[in-house]
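Commentary on secondary and tertiary structure
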Amino acid sequence: MARDGYLILDSDLHMMEPDDLWARYLGEPYRANPPRFFGGQQQPLAQSKEDKANADTIMGMEVQGLAIPAHNMQTGATVSSSELRRRSRARHPHFQIARARSFDAPSTLTAMDIEGIDVAVMYGTRGRQILCHDDLAPDYAAALAGAYNDWAADYCKTDPTRLKFAAQIAMHDVPSAVAEARRSVTELGAVAVIGTPNPVNGQHLHDEACEPLWDALEELDVPIGFHPTGNTALKDDAGRRYVGHANFHPIAHAIRNPVELMGALASLTTGGVLERHPKLRAAFLEGTAGWLTWWLWRLDDQWEKFGPGCERALSMLPSEYFRRQCYIALDVDEEPAVDAVNVERLSAFGRRVSRSDAAVFRPRARRRATPQDPLGQLRAALQDRHAFRLADATAAAGDCGGIGKTLFRTAGEGGPSPQGWVGEGLSSNHPSPGSL
């Protein structure tokens with residue numbers, strides 16, 4: 001399906017999991033106590049033909065008696081989320097078809113055809129959220145992740161040449177996370193692992209306890225994609241402090257994703273993970289990228305001032321590890337991210353149009369497109385046509401086969417290339433089944 005000679009890879013296409021996933025896929029003895037799902041403010045869900053299995057209606061869940069997210073009872077968050085979702089679902093008629101089919105694999109493939117996407121790496125929505133509580137029993141959390149991965153593998157069997165998946169792991173117990181990563185990659189065919197950027201039970205990514213995971217991912221030769229979640233149930237969630245206060249939703253949503261990714265990036269670079277694991281590859285997804293240039297400068301500055309004498313030595317500056325081993329995604333309407341294009345390995349354009357907070361284009365934000373300004377070309381293309389025709393704009397940026405080779409190894413072997421930065425791009429900006 002390549003357009004103008006370019007293959008388009010979506011490195012973060014979300015699945016909208018049905019409400020009975022864990023009831024069907026959890027093994028014993030956990031199946032007797034599956035998660036329960038709700039609408040906003042814990043309203044019961046009713047089955048409907050328009051939204052099969054409530055795949056597009058779930059706003060909260062109860063897992064082992066624990067509420068996820070912590071803000072589910074806040075009226076303003078429920079109303080604003082519902083309104084944003086209503087507007088986003090009105091953007092393209094395929095949404096209604098996908099909702100009625102529970103966002104199943106055939107409806108996703110149709111959306112990819114509409115968008116011109118060749119291959120997609122599937123990420124979970126509730127599959128991530130359901131693990132975001134510190135107090136989950138480690139064995140139960142591991143079972144939740146395993147059940148999701150079994151379901152995701154079955155989902156991708158519909159067309160394994162086009163649908164790949166990133167495996168979910170539960171960081172409540174690192175040995176279990178390592179075992180699930182190995183099983184998912186070697187037995188189920190996962191091409192990546194999903195990372196939670198937040199600490200879980202106070203455990204940071206550069207702590208000694210996480211070393212076995214980094215060893216395993218190097219050995220398996222798969223990347224980890226750090227992807228924040230839109231909930232506030234983890235104790236170390238940047239948005240949690242605003243729960244219960246006015247205008248919680250826009251404040252917490254603005255802060256959470258970038259800040260959590262900044263922390264994860266700091267752990268991997270300044271914390272020494274990438275020093276000790278030079279073959280590890282990491283992507284930072286759905287947290288914008290306008291902050292990247294400043295944050296790398298800040299990490300370098302602070303390391304030069306305070307790094308000497310610290311517990312773990314680095315042989316390079318933090319920014320150099322990022323350029324050697326990391327990727328990041330940006331939003332199509334993210335004006336400050338233009339500077340980040342100059343940082344090597346900017347892996348992705350865009351936010352999926354299917355998201356309720358997808359791009360809203362403003363006349364003042366329109367940029368003049370030039371051959372040297374791929375972001376401006378992308379924005380101009382989007383403003384001049386229906387938003388769901390994003391794939392046409394990718395030719396301005398380069399061959400996303402580079403990201404397939406260097407990040408996911410989906411397009412054959414090969415080492416990282418500084419120019420291989422197109423990927424999630426247009427990939428993720430489609431009207432196909434998206435995330436909350």
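Residues numbered from 1 in each chain as written. Predicted model: local features only at pLDDT ≥ 70, side-chain atom pairs only at ≥ 80, totals over all residues. Heavy atoms only, no water.

**Topic: the overall build of the protein**
Each helix and strand counted, the protein has 15 helices and 11 strands in total. Each of the 436 residues in the protein was classed as buried or not, and the buried ones make up 58%. Of the contacts formed within the protein by residues at least 6 apart in sequence, a portion of 75% connects residues at least 24 apart. Carbon and sulfur atoms make up 53% of the accessible area of the protein, which totals about 16800 Å². (Helix = DSSP H or I, 4+ residues; strand = E, 2+ residues; numbered from the N terminus. Buried < 20%, exposed > 50% of the residue type's maximum accessible area, 1.4 Å probe, protein only. Contact = heavy atoms within 4.5 Å. Areas by Shrake-Rupley, 256 points an atom, 1.4 Å probe, with all protein chains shown as cover.)

**What about the nonpolar core?**
If you look at the biggest cluster of nonpolar residues, it comprises 85 residues, and the most contacted ones within it are W22, M122, L144, W214, F226, L265 and F284. Take this core: its biggest share by element is 12 residues, from helix α6 (residues 138-156). Other than its neighbours up to four places away in sequence, M122 contacts L13, H14, M15, T108, Y155, C156, L163, K164, F165 and A166. One finds V121, A166, L285 and L407 within the second-largest nonpolar core, a separate group that totals 13 residues. (Core = buried A, V, L, I, M, F, W, Y, C linked by side-chain atoms within 4.5 Å.)

**Examining α6**
Given 3.6 residues per turn, any residue in an α-helix points the same way as the ones three and four places further on. The terminal C-alpha atoms of α6, which comprises 19 residues, lie 27 Å apart, in line with the 27 Å expected from a rise of 1.5 Å per residue. Across the 19 residues that make up α6, a large majority, 14, are buried. (Expected span 1.5 Å × (residues − 1).)

**With respect to the sheet that holds strand β4 (residues 66-68)**
The strand order β2-β3-β4 describes an open sheet built from 3 strands, whose pairing is antiparallel. Looking along the sheet, the strands with just one partner apiece sit at the ends: β2 (36-38) and β4. Adjacent strand axes in the sheet meet at a mean angle of 25° when their direction is disregarded. In terms of strand pairing, β2 meets strand β3 (residues 60-63) through 3 bridges, oriented antiparallel. What sits directly across from R36, in β3, is E62. (Pairing = 2+ DSSP bridges. Axes fitted to C-alpha atoms, helices over the stretch in contact; angles between N-to-C directions.)

**A look at the side chain of S102**
Positionally, S102 belongs in the loop between α3 (94-100) and α4 (105-115). Note on S102: relative accessible area 10%, which makes it buried. Once you skip the residues sitting within four places of it in the chain, S102 turns out to touch M16, P18, K52, A53 and A55.

**Remarks on the packing of aromatic side chains**
Within the structure shown, the criterion is met by 7 aromatic pairs. An angle of 35° between the planes, with centres 6.0 Å apart, marks the rings of W22 and F37 as tilted. Note that W22 is positioned in helix α1 (residues 21-25) and F37 in strand β2, a separation of 15 residues in sequence. Judged by relative accessible area, which is 10%, F37 ranks as buried. Taken together, the aromatic side chains of Y148, W151 and Y155 make up a single cluster linked through ring pairs. (Phe/Tyr/Trp six-rings, centres within 6.5 Å; stacked < 30°, edge-to-face > 60°.)

**A closer look at the confidence of the model for the protein**
When pLDDT drops low, the exact placement of atoms in the prediction is not to be read closely. Of the residues in the protein, 77% reach a pLDDT of 70 or more, and the chain-wide mean stands at 80. Every residue in residues 347-356 is under pLDDT 50, and counting partners more than four places away or in other chains gives 77 contacts. The model gives residues 358-371 a pLDDT under 50, and that stretch makes 31 contacts with residues more than four places away or in other chains. (pLDDT = per-residue confidence, 0-100.)

**Concerning unusual backbone geometry**
Along the chain, E28 connects to P29 via a cis peptide bond; the corresponding omega equals 5°. Tracing the backbone through its elements, the reader meets P29 in the loop between α1 and β2. Put simply, I68 and P69 share a cis peptide bond, and its omega is 0°. Here P69 is to be found in the loop between β4 and α2 (75-89). Phi at A53 takes a positive value of approximately 60°, unusual for a residue other than glycine. With respect to the element layout, A53 can be found in the loop between β2 and β3. Under the relative-accessibility criterion, A53 is labelled buried at 11%. Its identity as a non-glycine residue notwithstanding, F103 has a phi of 50°, on the positive side.

**Brief notes about the packing of α6 against helix α7 (residues 174-188)**
It is the contact of α6 with α7, at a shortest axis distance of 10 Å, that shows an interaxial angle of 10°. Compared by their axis directions, α6 and α7 come out roughly parallel. Crossing geometry of α6 relative to α7 is assigned as right-handed. Within the contact between the two elements, α6 uses A142, A145, G146, N149, D150 and A153 and α7 uses S176, E180, R183, S184 and L188. (Parallel < 35°, antiparallel > 145°, perpendicular 65-115°, else oblique. Left-handed = near helix turned anticlockwise from the far one by under 90°.)

**Looking at the pattern of salt bridges**
Counted by the stated rule, this structure contains 18 salt bridges. In this structure, R281 and D221 form a salt bridge, with 2.7 Å as the shortest nitrogen-oxygen distance. Here R281 is found in the loop between α10 (273-276) and β9 (282-284), whereas its partner D221 is found in the loop between α8 (211-220) and β8 (224-226), with 60 residues between them in sequence. For R281, a relative accessible area of 4% corresponds to the buried category. Among the ionic contacts, a cluster of salt bridges with common partners joins D56, R89 and R99. (Salt bridge = Lys/Arg side-chain N within 4 Å of Asp/Glu carboxyl O.)

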